[in-house]
Every structure is written in C-alpha cells, then in structure tokens.
Amino acid sequence: MKTVSIEVRPGEPDDAAAISAAHRESWLQAYKGLIPHRALLQMVNRRDERWWRRATRGPATLMVVEIAGNIAGYATMGLNRARALPQEGEVYEIYLRPEYQGMGLGRILFTEARNLLKSLGCRGLVVWCLEDSHHADSFFRAAGGRDIAEGMEDFDDTLLKKIGYVWD
C-alpha cells in the first residue's frame, strides 16, 4: 500500500513556477466561456512566475496545497476589501489544477484558509465568485456560505455579476 502525503503550507518563492502553472490551468478551465477570451488571456499571462514570486512576499497570505510533492492549488487571503460588509477576513482566490479537483483538496485548503484568518483575529469571512461560475457557487454553498451580497466586475467592457458568500 502506498501513502500519499497532502500538505497545506505557506507559498514560498521557490513555488512560483508551480503556482503560476496552477493559476493558468485552473483559470482557463474555470472561466473559459464566462470571461471574454482576450481579457482572460491577459489576466492569466500577467500572473507569470515573476508575479507569483513577488506575491509570496506580499501583504496577502498565500497558501498552497501540495500532494505527493506537487502543487495542486493555492489560496490567497487577507483583510476584507468590501468595507460595506462586517466580515473582517476574505479569501481572495482558491483554485486547484483541474486534475486535482473533486478529491476534497479544495475543502481542505478552504478550511485551512478560514482557520488561518480566524487565528489572525478576523471575525467572519467573505468570498466572491462570478454568478455564472456554477462550480464555485456549489462549492461555497456546500461549505456553508450564505449568499448575501452582489456586485459587478468589468472584463474587457463585459460586465459580469459576482456574488458574495459569507461565514460569520
């Protein structure tokens, strides 16, 4: 019998190439057909290895989930940017490479992100996702999120509705 290790840990500068690849693959899968093609490619291409190396040293917290030594996904989190909401923490992003989805790794990573924000003194949490991202919607609902806010995001002159899910 073989044992596979799963580790959630802070992202390191040496992880930048793997995080960049996870970002690219997950975003292209998640947003193909939702975000206009040109805008999606610009967003993905802008976050290259150098960008992620800087992100590991930035003000937001970056966590990775590693399975058998491979970066399967990442989450970024910090203080809530929506001042109208009372929740103090926010998970800005949580993404898994497509081949690692559906295995429970997202739930593990999200739980660790929530626990970290709570340990830093953040009361409550908000996460935003595009309304038409049915995979994200079902993930956050299954995790107990309450749909209480909405807004709009502009992608290359295409406005898309986003939903805010909260946990108290």
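Residues numbered from 1 in each chain as written. Predicted model: local features only at pLDDT ≥ 70, side-chain atom pairs only at ≥ 80, totals over all residues. Heavy atoms only, no water.

### Thoughts on unusual backbone geometry
Phase 1: Located in the positive-phi region is Asp-156, a residue other than glycine, with phi close to 55 degrees.
Phase 2: Mapped onto the fold, Asp-156 is located in the loop between strand 6 (146-155) and strand 7 (158-167).
Phase 3: In this structure, Asp-157 takes a positive phi of about 70 degrees despite not being glycine.
Phase 4: Within the fold, Asp-157 resides in the loop between strand 6 and strand 7.
Phase 5: Overall, Asp-157 belongs to the exposed group, its relative accessible area being 73%. (Helix = DSSP H or I, 4+ residues; strand = E, 2+ residues; numbered from the N terminus. Buried < 20%, exposed > 50% of the residue type's maximum accessible area, 1.4 Å probe, protein only.)

### Side note on the packing of aromatic side chains
Phase 1: Inspection of the entire model under this criterion finds twelve aromatic pairs.
Phase 2: Taking the centre distance of 5.3 Å and the plane angle of 75 degrees together, the rings of Trp-27 and Tyr-31 count as edge-to-face. Linking Trp-27 with Tyr-31, this pair stays in helix 1 (residues 16-31), spanning four residues, or about one helical turn.
Phase 3: Judged by its relative accessible area of 8%, Trp-27 is buried.
Phase 4: You can call Tyr-31 buried: its relative accessible area is 10%.
Phase 5: With 5.2 Å between their ring centres and 80 degrees between their planes, Phe-139 and Phe-140 make a pair best called edge-to-face.
Phase 6: Note on Phe-140: relative accessible area 5%, which makes it buried.
Phase 7: Among the aromatic residues, ring-to-ring pairing joins Trp-27, Tyr-31, Trp-51, Trp-52, Tyr-74 and Tyr-95 into one connected group.
Phase 8: Above the face of the Trp-128 ring, Lys-162 is positioned so that its terminal group lies 4.8 Å from the ring centre. (Phe/Tyr/Trp six-rings, centres within 6.5 Å; stacked < 30°, edge-to-face > 60°. Lys NZ or Arg CZ within 6 Å of the ring centre and 35° of its normal.)

### Comments concerning the layout of surface pockets
Over the atoms a probe the size of a water molecule is rolled, and this reveals where empty space is left.
Phase 1: In this structure, the second largest pocket encloses a volume near 190 Å³.
Phase 2: In terms of lining, the second largest pocket is formed by Arg-114, Asn-115, Leu-117, Lys-118, Cys-122, Arg-123, Gly-124, Leu-125, Trp-167 and Asp-168.
Phase 3: Element by element, the count of residues in the lining of the second largest pocket is highest for helix 4 (residues 105-119), at four residues.
Phase 4: Its residues assigned to classes, the lining of the second largest pocket comprises four nonpolar, two polar and four charged. (1 Å grid on protein atoms, 1.4 Å probe; cavity = no way out; pocket = protein on both sides within 12 Å on 5 of 7 lines; lining within 4 Å. Points joined across faces, edges and corners; volume = space filled by probe spheres on them. Nonpolar A, V, L, I, M, F, W, Y, C, P; charged D, E, K, R; others polar.)

By themselves, these figures tell us nothing about what the structure is for.
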